[in-house]
Amino acid sequence: MPRYYVNNETTYSGDHIVHVEGCEHMPPKGKCTCLGDYSNCFDAVREAGKLFPRPNGCPHCARLSHVDAD
Ligand SMILES: [Zn+2]
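Not measured: the values here are computed from a predicted model.

**Brief notes about the overall build of the protein**
Here is step 1: Looking only at helices and strands, one finds 1 helix and 4 strands in the protein.
Here is step 2: For the protein, the sequential pattern of α-helices and β-strands runs β-β-β-α-β.
Here is step 3: Here the C-alpha radius of gyration of the protein, 10 Å, is about what a compact globule of 70 residues would show, namely 11 Å.
Here is step 4: Here the protein holds 70 residues, and 39% of them are scored as buried.

Next comes the structure, spelled out in structure tokens:
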């Protein structure tokens, strides 16, 4: 199962983006928190929601759980 990370910092729209490990858009370790291994990005985003109020899937590596700000 892939390992997921959540960005500790928000995007301009206030989202904490969840990435699969190795995504080129993932922030450096130290600026993100490991969520653990999940079979799908929805579970990872749900886990991120326990840490941050507005988790969102990365539009590149977790596209299925990405919600557009608009
Ligand atoms: Zn990503």
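**Quick notes on the pairing of strand β1 (residues 3-7)**
Here is step 1: Most of β1 sits inside the fold, with 4 of its 5 residues counted as buried.
Here is step 2: Inspection of the sheet shows β1 paired to strand β3 (residues 32-37) by 5 bridges, in the antiparallel sense. The residue bridging Arg-3 from the neighbouring strand is Asp-37, located in β3.
Here is step 3: Where β1 meets strand β2 (residues 16-20), 3 bridges bridge the pair, whose relative direction is antiparallel. Looking at β2, one finds that Val-6 is bridged to Val-18.

**A word on the sheet that holds β1**
Note: strands within a sheet are paired through backbone hydrogen bonds, in either parallel or antiparallel orientation.
Here is step 1: Read from one edge of the open sheet, 4 strands run β3-β1-β2-β4, paired in mixed fashion. The open sheet is flanked by β3 and β4 (55-57), the only strands paired with a single partner. Put simply, the sheet's adjacent strands are angled 30° from each other on average, direction ignored.
Here is step 2: Contacts from helix α1 (residues 41-48) reach β1, β2, β3 and β4, with the element oriented near 160° to β4.

Rules used throughout
Residues numbered from 1 in each chain as written. Predicted model: local features only at pLDDT ≥ 70, side-chain atom pairs only at ≥ 80, totals over all residues. Heavy atoms only, no water. Helix = DSSP H or I, 4+ residues; strand = E, 2+ residues; numbered from the N terminus. Rg over C-alpha atoms; globule rule 2.2 N^0.38 Å. Buried < 20%, exposed > 50% of the residue type's maximum accessible area, 1.4 Å probe, protein only. Pairing = 2+ DSSP bridges. Axes fitted to C-alpha atoms, helices over the stretch in contact; angles between N-to-C directions. Contact = heavy atoms within 4.5 Å.

Keep in mind these numbers describe shape, not what the thing actually does.
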